[in-house]
Amino acid sequence: MSNSPSNLRYTKDHEWLDPSGTAWRVGITQFAVSQLGDIVLVDIPEAGRQIEQGEPFGTIESVKSVSELYMPVSGKVTAINKALQDEPELVNEDPFGEGWLIEIEPTDKAELDPLMESDAYDKFTET
């Protein structure tokens, strides 16, 4: 049974990537949210920063722990979800929608290829 939106791509670190349009949106999955618990703080970079695939781009803090966020593909941060500064709980409430983290302009679209599609990600989280 698929729980993850099929239009997104996923990392083994539980980030999702929406590769539609010129600015690709990044967030964390529902699985990650369920593991973290209540999100209390999201620390993400300002727009303009260039980050390579696999590098940390911020942290997310919950009542349980602090976790690093990893860049799914290399790119330049073009926008951040400013609403998360005052309402980090948006990540809990709507991780695939209003709880998005950053938007990026990808520098190498081929890096999308190894990311998991929804069915593969759902199987990955079942193990």
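This text goes with the structure placed above it.
Treat the numbers as computed from the prediction; the structure is a model and nothing was measured.

### Brief notes about the sheet that holds strand β8 (residues 75-80)
Strands sit in the order β1-β2-β3-β9-β8-β5 across an open sheet of 6 strands; the sheet is antiparallel. Strands with a single pairing partner mark the edges of an open sheet, and in this sheet they are β1 (9-10) and β5 (50-51). Direction of pairing for β1 relative to strand β2 (residues 15-18): antiparallel, over a ladder of 2 bridges. Paired with Arg9 across the strands is Leu17, a residue of β2.

### Some thoughts on the nonpolar core
Ile28, Phe57, Val91, Leu101, Ile102 and Ile104 are the most contacted members of the largest nonpolar core, which has 26 residues in total. Grouped together as the second largest cluster of nonpolar side chains are 6 residues, Leu8, Trp100, Met116 and Tyr121 included.

The rules behind these values
- Residues numbered from 1 in each chain as written.
- Predicted model: local features only at pLDDT ≥ 70, side-chain atom pairs only at ≥ 80, totals over all residues.
- Heavy atoms only, no water.
- Pairing = 2+ DSSP bridges.
- Helix = DSSP H or I, 4+ residues; strand = E, 2+ residues; numbered from the N terminus.
- Core = buried A, V, L, I, M, F, W, Y, C linked by side-chain atoms within 4.5 Å.
- Buried < 20%, exposed > 50% of the residue type's maximum accessible area, 1.4 Å probe, protein only.

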